[in-house]
Amino acid sequence: MANLLLAGDKLPQKTPQVPAVDTGLKWKENDILPPMAGPSNLIDPVHEYHLLPNVNEASEREILCEFTREVFSFAASCMNSRTNGTIHFGVNGQHGQVVGQRITSLNKYNEAFESSLGDFFEEQYVNVARLCIRPPTFIQVRHENGTASDKWVIEVDVVPAISQTQDYLFYTKLGITSTEEKHQCKTLCLFVREGPRSVNILADTNPRVAQEKQKDLIERVKRLVPVRKAAEEKKEKGYSQSHQGQRLKQLMTRERHGLESSLQVIVVTDKCHPGQLEHMDFLKEMSLFAVLEFDPESDLNGTCQFYRRDRIANLHYPRMYNTQDSLPTIIGKLNLFKQTSWIFCNGRLNEENEEDKPLKPREWLKTRSGDITKMIGLLCSPDVISKDRLLVIFVLHSAVTDLSDPILETFCAIYRTLEGVDNMLCICRDSGVFNQWKTLIESRCKEDISNKCIHELSLNEISSTVKKLKEPQTQSSQRYLPSTGSSSVLLTKKNEELFTVLGILSENECENTEIENSDSFDEFIKKTEEDFYRGGQVRWWNFYLSEQRGSLPFIKRDKYNELYDLITPVKGYTSPCVMINLFHPPGCGGTTLAMHVLWNLRRKFRCAVVRNSRATNNDIAAQIINLLTYGKQDQPGYTPVLLLVDNWEDVEDLKQCILRVAGERRQQNALMVIILNCERTQFPDESSRSSNLPNIFITNKLSPNEQKLFSEKLQQLKTDHEKPETFYGFMIMTNNFSEAYITNIVSNSLKDLDATTHQGRLLSFLALLNTFVNGSYMSLSLCEELLGMKNVLWKRETLDDAMNPYSTLLITFSVEEHGFYQAVRFLHPMIASKCLQILEQKHKLSVAEITIDILHCDRVYKSCMGKDFVVQNIQSMLISRHRKEQGDDKDTLFSPLIEKIHENEGPEKVKELLEKAIGRFDRSATLPQALARFFYLKEKDFQAALKWALDARGKNSNSYIADTVGQVYKSQLKKKIEDSEPLTAEALNECLILGSKAAKAFQESQELAKKDETVDLFDLHNRKRPKSYNTSGYVGETEVMMILLDLIRELPLSQSRDRHQTDQLLQILKGHHTLKDFHFDHSNTATAQFVDVLVHHERFLISLKPRLKEIFSFFENYFTYLRPKSQERVTADDRNKNKLSDHFKKYLKIFNSSEQEKALEKARNPNLSLYQEIQDQRFYLETKRADSFAGLLLCLSDKTVPEMERILKKWKFIFKNSPKRSVSDTVNFILANIVMHSTKPSSKELTKYEELVDLLNEELQKEGTHSNLTEMYYLSMLLMWPTKDRKLESFTTYKDIATYFRSAKESFHRRFSHMFPARTAVAHFFLGKSTGLKRIVSKVELDQVLRQESCSDQSSQPCTLQQLWQSGAAWNEPQVKRELLRVKGISENRKVYVNYEGNLKIPVRPAYLGDIRSGCSREPISFYLGFTMEGPVAYNIKYLTAQ
């Protein structure tokens, strides 16, 4: 043999090596190793265990001598027995228990080994021994809780290869110290293995016996040589036939082309030695969903720390996954799918909390294994990750030796959850680790996992192989963002992962990517174009590819330039955050147009798209400001962010959130963010006209120019693609949304459909959902389940194959809504609608039958990806009504689905359907509510309606459901009146009982509205509706009372129905008389019965007028003191105002005293004449809606000068003549003067400013600071705001003026805080430059000024008043600047204060939090001061240091 060493050959002495530290931390304290045994097959090593003395028991020299003596005697015994072996130091020889040795210097052991080897062996065999005996390996021992200890196990391996040992015998010279002569002498030894021990056969005291043994050994060695040689060849052959590299590829890719980016990977791992960390870099190349970490030090010096150098990973504990929160909440809260979760399954060493410190296995099993099982149940649930998208990789750096080991427990939990090992791969450090792992799993799970394990490849080989399997990247490896002065900043992968809710468009998007240089690029281009033109969402690649040579430019829609100019106006912007709307019908290219503009502005703005529709506005705002400031430190100026949001439901709130978190990093008055909102609507032109924001709209009709561009593109598609005629999304637009074209393609595609098959059922489900719910879809895994597709893990059959030939109508796409998965929908909503129509007409499948089928289909509600979304969509199509104010084509009483079924299939089908839906979604309150509404609105079955309304209330008692209960009673009342012609006493009694129940239900609704949770956890269809305060209870109660008043007025109490009796009855309703005073003909039985009924309900009847007055007052305050935050609520407010205005007119008509009644009253009691006069004045004020503070504020805009003067006269009369003047009268009188002055400053009816201040001062003294009369404190702001001339300081209240301002806020909050989520306080007045009443400038005056300036400005397109105020441009108008005083103040800790002499410090609320810098900087500022019922408000804040 070429490498044969002859006995006499000598090799140079080896220089001492760096100590070999084992990179696998394979031993734990108290591990029990297999018992020592004799040679078996010569290749599997024999083991011997030793404990060396510690430093207290022997000197270092003595310890090293014992170490070398034991090593070389063991080595010689193995070489003479021709068996591989390993000697372990630090292991108890009796029990095989790992104890560990404390070692002061690893180098000294190495040096002792090297220097002593020549002393122990005969000179001619030293080199052979050096080749057979491996240098010592040092293995750090772990504590039982997984952390590193300060002890080591030393291992020396012996491999007596036959090419080296031949048929030699290996004698050793052992030094033996003579105790008598105190010197060492060398003794020749010949060691062999006998059972578990090494034996020196020359030690026998009988020389003859020793010689015989030596002779036997020579013969045995001759026999062992061919056996050893055969064993080595067999092993070598096994290595050469190993295909572990190929197996690794198959297990990672599941026999597909490469490692797919959509594959979600969960890694389970233990402690990795620092020397091996560089080979764990393959983890950074995968979609690493979660890591289940069993190294408590991983974040300090292990795999976690290594990973987090370049990627984001959130440090979690298993208990964080075991909460009562819903699955979407957990996914959102923990950022699953967006960022890797690094879950410390046995705690962390540096954790202060005892609950999260590392534990020993026994303790872990008792306290943590349950959490792990539950967590795995969630992470591996098909609701979270589809089984065909999941791979679990165990990376074992150390041997698992115990049946109770936490990693083995984790394997068993995953095994149970995934029902086997199909989704698993085990990477073992070496064959020893593998063999023990395999044995334990066979013992626990009765499963052979050999074909799922890789154990013959190094970690380096594994890492390199995995990295080669990656699909070519479609993103640039280095992505840049535009920055100031035409510069750029690098957006690192790690930093981009922090933007969890944003998809960022880099300025070099799609450039210099791996895919462009790969063989699959042509196929990629075809697929990208095909997906888009078939009807998929446009990708940045579509724009990039259209710019390449030989391609037609991307089709530029007619409205492109208009939108581009809106985003980049010549004059620039005055507001830091700008909103622009793009209105479009579904499926006509609105979002594509918006993305086209973003693409072409990517070097001018930092462009981003909100990619998670469940994200909160606060999360988006925080990430937008991070994007704005990314790459900047203290330098001035930012590149604005252009943000695309799709059909966002509360853009105004998003704007406020952005301003709120903007902080000190923004420059004053600089543009920060442009929000482009693509809003779907059936009437884009109407939505555009009614919007107060800058906007454009597109419709589903192409212009001639657009049709020409689409035709040209079609010709290119015919050149590049085989069947462009099946690109139906594109073809529908090319055919200008022709109904005939859509009918033709759907009819042809479905001509051979059997609707009873799996294919027909899936098509019917998708058609139903896509027709009635915008943006709906079903997950790919659910579709495969419904089709009965098997073996999806190693799938050969695709959905396209299974759905052929109907797959041309469907598209598969990626979804990133709380998870990452594939989903399926129809190519276009018009195709879905036509498909549903054909199923109805040709296949006789009614819409109700399809809906009932989807409700009955248990598979839809099984655990699967996107289940929550499907359930939400099914409930939405059953419940969600259409409302014009939300962009729908009309207002409907029920969802369009229910309306259609009612129209085509009748009411019985609707009832059957809704009852089945209630059975399916038994925790939903809105479904029984919908059924209750159907019964009372359509069927007039009030008993059934009440049953279902009460059922809904039992499930979720909120104001909307309480209102439905009231509506049932109200409808029953109306029907009862309608059916009771002529009215009887019995019918009247029933009507009053129903009216009383209805009023009570509506009052309950009013109370519940104050504490409403706006989202029903189980009714996900309305989870993101903008917050609103529900006033329907007040409207409902008003309607009931007006119905009852009409009924009572028309009561046939006498045959003549004379006016006197009616007036008498109204006096009773007013509370002036009781029914005992009512005069009627007692001989008339019918009348007597009516009066008995009225007496029985007298308390309820006399409550009607004061309750109505209270409700009208509530609405006056509601509409006047507060304004809605969303445009949608403005429309609803207008509707309610009109309704209430009609009721109020009727109320006045009913309770208006006739002149005859007044004369009779005066004749009866002459002393009442003054009282009556005051009441007349009050009634006049009530008719003019000027009898309350809120009503007087409304007079600013809707009363003429003569009307206002008359109103002031009335108040003056009441004020001067009332014997007991109330605080409210004084307050209203003062406000009437302020309003009069605002309307006509020269009016002779005005009271002097000083007198008004005196009056107010008097009331403030009486009421103090804890009154609920917010209006009084509001007047203190208007009249007593400090002035430079200090005239007001003579008033006793002045010293407490700041306290009164604070009282305004506190009393306002007590009265209205429950409305704050939906509404905000209105500023009716501002602080002007003059003095007295002249310095109180009304908003109405400013509006008039702005209207005049707008009319005279011919330079540009006129803006509406609302746009001027909303954009902030109004503050820059010269006339506004002339009218208002700029107040100087201080910003401090994100709050605003005005300081006046005498230590007077008044807090002022900033109108927009974004106007205030964060950082707690104390800065001088100036602003305009507005007065709301909540307190003073600062508008148009400017930092004086910046000017």
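Residues numbered from 1 in each chain as written. Predicted model: local features only at pLDDT ≥ 70, side-chain atom pairs only at ≥ 80, totals over all residues. Heavy atoms only, no water.

## A look at the pattern of salt bridges
Side-chain pairing between opposite charges can occur once the charged atoms of the two side chains come close. As a reminder of what qualifies: By convention in these notes, a salt bridge is any Lys or Arg side-chain nitrogen within 4 Å of a carboxyl oxygen on Asp or Glu. Numbering goes from the N terminus for both helices and strands, where a helix is a DSSP run of H or I of at least four residues and a strand is a run of E of at least two. Relative accessible area decides the class of each residue, using a 1.4 Å probe on protein chains only: under 20% of the type maximum gives buried, over 50% gives exposed, and in between gives partly exposed.
Counted according to the given criterion, the structure contains 60 salt bridges. Residue D979 pairs with K975 through a salt bridge whose shortest N-O separation is 3.0 Å. With a gap of four residues between them, D979 and K975 both fall in helix α37 (residues 959–979), about one helical turn apart. E1271 is the salt-bridge partner of R1311, the closest N and O atoms lying 3.0 Å from each other. Taken together, the residues R1311 in helix α52 (residues 1297–1312) and E1271 in helix α51 (residues 1270–1280) connect sequence positions 40 residues apart. Residue E1271 is classed as buried on the basis of its relative accessible area, which comes to 7%.

## Notes on the packing of helix α30 (residues 847–856) against helix α32 (residues 867–879)
Note the following rule: Fitting a line to C-alpha atoms yields each axis, with helices limited to the stretch in contact; the angle taken between N-to-C directions then spans 0 to 180 degrees. Crossings are assigned a handedness: left-handed for a near helix turned anticlockwise from the far helix by less than a right angle, right-handed for a clockwise turn. Between two residues, a contact is recorded if the distance between any of their heavy atoms is within 4.5 Å. As a working rule, the residues Ala, Val, Leu, Ile, Met, Phe, Trp, Tyr, Cys and Pro are called nonpolar, Asp, Glu, Lys and Arg charged, and the rest polar, with Gly in that last group.
Relative orientation of the contacting elements α30 and α32 amounts to 145 degrees, with a least axis distance of 12 Å. Note on packing geometry: the crossing formed by α30 with α32 is left-handed. Contacts between α30 and α32 pair T851, I854 and L855 from the former with I874, M877 and L878 from the latter. Considered class by class, the residues forming the contact of α30 with α32 number five nonpolar, one polar and no charged.

## A word on the sheet that holds strand β17 (residues 453–454)
Going by this rule: Pairing between strands requires that DSSP locate at least two bridges from one strand to the other.
Within the open sheet, the seven strands sit side by side as β13-β14-β12-β11-β15-β16-β17. Their pairing is parallel. Two strands lie at the open edges of the sheet, namely β13 (313–316) and β17, each paired on one side alone. The pairing of strand β12 (residues 288–293) with strand β14 (residues 340–344) spans four bridges and is classified as parallel. In the strand pairing of β14, E293 is matched with F344. In the packing of helix α11 (residues 369–379) onto the sheet, contacts are made with β11 (264–269), β12 and β14, and the angle to β12 comes to roughly 170 degrees.

## With respect to helix α43 (residues 1104–1121)
Note the cut-off: For a helix, the expected span equals 1.5 Å multiplied by the number of residues minus one.
The end-to-end C-alpha distance of α43 is 25 Å, a good match for the 26 Å that 18 residues give at a rise of 1.5 Å each. Counting buried residues along α43, 13 of its 18 residues qualify, which places the element largely inside the surrounding structure.

## Thoughts on empty space enclosed by the protein
To find the voids left in a structure, one rolls a probe of water-molecule size over its atoms. The cut-off we apply is this: In the cavity and pocket records, a cavity denotes points on a 1 Å grid over the protein atoms alone where a 1.4 Å probe fits but cannot get out, a pocket denotes an open set with protein on both sides within 12 Å along at least 5 of 7 lines, and lining residues are residues with an atom within 4 Å of a point. Grid points are joined across faces, edges and corners, and a volume is the space filled by probe spheres set on the points.
Applying the stated criterion to the full structure yields four cavities of 30 Å³ or more. Here the largest cavity defines a volume of roughly 150 Å³. Lining the largest cavity are 16 residues, with K28, R142, F294, D405 and I407 positioned closest to its centre. Residues belonging to the lining of the largest cavity are distributed by class as follows: seven nonpolar, four polar and five charged. Put simply, the second largest cavity is a space of about 60 Å³. Those elements giving two or more residues to the lining of the second largest cavity turn out to be α40 (1059–1069) and α42 (1098–1102). Across the lining of the second largest cavity, the residue classes tally to eight nonpolar, no polar and one charged.

## Side note on the sheet that holds strand β28 (residues 821–826)
Neighbouring strands of a sheet are bound in pairs by backbone hydrogen bonds; such pairs are parallel or else antiparallel. Read across the sheet, three strands follow the order β26-β28-β27 without closing on themselves; strand pairing throughout is antiparallel. This sheet does not close on itself; its edge strands, each paired only once, are β26 (778–779) and β27 (810–815). Relative to β28, β26 runs antiparallel, the two sharing two bridges. Bridge assignment links S779 to a residue of β28, and that residue is A823.

## Describing the nonpolar core
Note the cut-off: Working definition of a nonpolar core: buried Ala, Val, Leu, Ile, Met, Phe, Trp, Tyr and Cys residues. They are joined through side-chain atoms within 4.5 Å.
Residues I874 and L1279 are the most contacted members of the largest nonpolar core, which totals 260 residues. At 11 residues, the largest contribution of residues to this core is made by helix α38 (residues 985–1009). Apart from the residues within four sequence positions on either side, I874 is in contact with L769, I854, L855, V860, Y861 and F921. Counting 50 residues, the second-largest nonpolar core is a separate cluster that includes V268, I343, L390 and A399.

## Some remarks on the packing of α38 against helix α41 (residues 1085–1096)
Keep this limit in mind: Roughly parallel means an angle under 35 degrees; roughly antiparallel, over 145; roughly perpendicular, 65 to 115; everything else is oblique.
Contact geometry of α38 with α41 gives a least axis separation of 9 Å together with a crossing angle of 15 degrees. Overall, the two elements α38 and α41 adopt an arrangement that is roughly parallel. You can see that α38 and α41 cross each other, and the crossing is right-handed. Residues A985, L988, N989 and L992 of α38 pack against Q1089, F1090, V1093, L1094 and H1096 of α41. Of the residues assigned to the contact of α38 with α41, the class counts are six nonpolar, three polar and no charged.

## Some points on the confidence of the model for the protein chain
Definition in use: One confidence number per residue, pLDDT, is output by the predictor and ranges from 0 to 100.
Of the residues in the protein chain, 90% have a pLDDT of 70 or more, and the chain-wide mean is 87. Note that residues 178–183 has pLDDT below 50 and, in this model, three contacts with residues that lie over four places away or in other chains. Contacts for the low-pLDDT stretch residues 1014–1024, under 50 throughout, to residues beyond four places or in other chains number 26 contacts.

## So, the environment of D430
Rules: Counting of polar contacts relies on pairs of N or O atoms within 3.5 Å, with two restrictions inside protein: one atom must be capable of donating a hydrogen and the other of accepting it, and residues adjacent in sequence are counted only when both atoms are side-chain atoms.
Looking at the secondary structure, you find D430 in the loop between β16 (424–428) and α13 (431–445). In the structure, D430 is positioned 29 residues away from L459 in sequence and 9.8 Å away in space, judged by C-alpha atoms. At 3.1 Å, the side chain of D430 forms a polar contact with the backbone nitrogen of G432.

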